[in-house]
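Chain and residue survey
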Amino acid sequence: MKFQGIIFDLDGVICSTDKFHFLAWKQLAESIGITNFTQADGDLQRGVSRMESLEILLRKSKRQFSDEEKFALAEQKNNVYRQMLGTMSKTDLSENVRTTLFALRKSGRKLAIGSSSKNTKYILERIGLGSFFDAVVDGNMISRGKPDPEVFLKAAELLDLPPEECLVVEDAAAGIRAARAGGFEAAGIGDAANFPATTYPLTLLSDLLTIL
Ligand code: BG6
Ligand code: MG
């Protein structure tokens, strides 16, 4: 087996929490007078940390915000986002993702999450994967966000595998860049299927089963 380990991004790969991120950021934008926050802005926030996502949003504001105000804004967004996450359940894990994860587990591979999100554990619990993965590295455990490879290198270390034996699965430009910077091959889903640095384009997560 070329890849003994698979490291999955969470938001936009395992579950569709990216739509909640967008709605919560849009609500925050409107609360501070930004009326032109679009899905294209939301796409730029994919993969990057909460505070970097806020900076992307604030580029659309004419006002300057202090660090204290920025923390309060990020907290405001996260509260709205967590309420949305609270509506999630096992039914938010798609059949395609569920069967793919179980097939990969059955093949003997080690499976990990490498996510920028500080809500990772909560999300995994909501969708019934709270104790499924062999390793989970999230936004609370890293000091440099994607496109820095830290999150994926930590996950590979916890799986006790070198980067070249792990495949990273991502939906974000920042995530594909992080993977390649860490010496990993990358599978891309959604827009990431078309990035030049993506090794394996995926239409559905189950396409992994034909690649491996
Ligand atoms: C990533 C998302 O998974 O997590 C980003 O793609 C988000 O858009 C980042 O900013 C941080 O998420 P959280 O849940 O810690 O605010
Ligand atoms: Mg993602």
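That block above? That's the structure.
Numbers given for residues are sequential positions, taken from 1 along each chain in its written order. Ligands are numbered from 1 and chains lettered from A, in the order in which they are written. Reporting of local features is limited, given that this is a predicted model, to residues whose pLDDT is at least 70; pairs of side-chain atoms are given and counted only at 80 or more, and all residues count toward the totals for whole chains, interfaces and linings. As a convention, hydrogens and water are excluded, and side-chain values are obtained from all of the structure's heavy atoms.

We now examine the layout of surface pockets. Put simply, the grid is 1 Å and covers the protein atoms alone, a cavity is a trapped set of points that fit a 1.4 Å probe, a pocket is an open set with protein on both sides within 12 Å along at least five of seven lines, and lining residues have an atom within 4 Å of a point. Grid points are joined across faces, edges and corners, and a volume is the space filled by probe spheres set on the points. By volume, the largest pocket amounts to about 380 Å³. Lining the largest pocket are 28 residues, and of these D11, H21, Q45, R46 and G47 sit closest to its centre. Secondary-structure elements contributing two or more residues to the lining of the largest pocket are α1 (18-31), α2 (39-44), α3 (50-58) and α4 (67-85). Sort the elements by how many residues they give to the lining of the largest pocket and α1 lands first, with five residues. For this scheme, ten residues count as nonpolar: Ala, Val, Leu, Ile, Met, Phe, Trp, Tyr, Cys and Pro. Four count as charged, namely Asp, Glu, Lys and Arg, and the remainder, Gly too, count as polar. Of the residues in the lining of the largest pocket, the class split is five nonpolar, 12 polar and 11 charged. Start and end positions for the domains come from either an automated domain assignment or a database one. Built from parts of two domains, the lining of the largest pocket gets at least three residues from each of domain 1 (5-15 + 89-211) and domain 2 (18-85). Put simply, DSSP H or I for four residues or longer makes a helix, DSSP E for two residues or longer makes a strand, and each gets a number counted from the N terminus.

Right, let's talk about the site of ligand 1 for a bit. In these notes, residues near a molecule or strand are those with any non-hydrogen atom within 4 Å of it. With respect to spatial proximity, 15 residues lie near ligand 1, and among them D11, R50, S117, K118 and N119 are the closest. A distance of 2.8 Å separates an oxygen atom of ligand 1 from a polar backbone atom of V48. Reported accessibility uses the Shrake-Rupley method at a 1.4 Å probe radius. Residues are deemed covered only where the shown protein chains occlude them. If ligand 1 stood free it would expose 390 Å²; the protein chains cover 96% of that surface. Pocket or cavity membership: a molecule qualifies when more than half of its atoms sit within 2 Å of the grid points of that site. Mapping ligand 1 onto the cavity grids shows that it belongs to the largest pocket. By the criterion applied in these results, polar contacts are pairs of N or O atoms within 3.5 Å in which, for protein atoms, one can donate a hydrogen and the other can accept it, and in which residues neighboring in sequence qualify only through two side-chain atoms.

Here the term donor refers to an N, O or S atom within 2.8 Å of the metal (or 3.2 Å for Na, K and Ca), and because water is left out of the atoms, sites may appear incomplete. The coordination sphere of the magnesium ion (ligand 2) contains the protein donors D9 (OD), D11 (O) and D171 (OD), at a distance range of 2.0 to 2.2 Å. Within one chain, the residues donating to the magnesium ion (ligand 2) are spaced in sequence as D-x1-D-x159-D. D11 matches D9 in its accessibility class, with the two residues each being buried. Only protein chains enter the calculation, and the probe is 1.4 Å; a residue is then buried if its accessible area is under 20% of its type maximum, exposed if over 50%, and partly exposed in between.

Relative to the helices and strands, S61 resides in the loop between α3 and α4. Of note is the side chain of S61, whose polar atom sits 3.1 Å from the backbone nitrogen of R63.

Moving on to the pattern of salt bridges. Salt bridges, as used here, are contacts in which a Lys or Arg side-chain nitrogen is within 4 Å of a carboxyl oxygen on Asp or Glu. The final tally for this structure, using the stated rule, is 15 salt bridges. Between R144 and E150 there is a salt bridge, with its nearest N and O atoms 3.9 Å apart. The salt bridge involving E170 is made with K146; its shortest N-O contact spans 2.8 Å. With E170 in strand β4 (residues 166-170) and K146 in the loop between β3 (135-137) and α7 (150-159), this pair connects stretches of sequence that are 24 residues apart.

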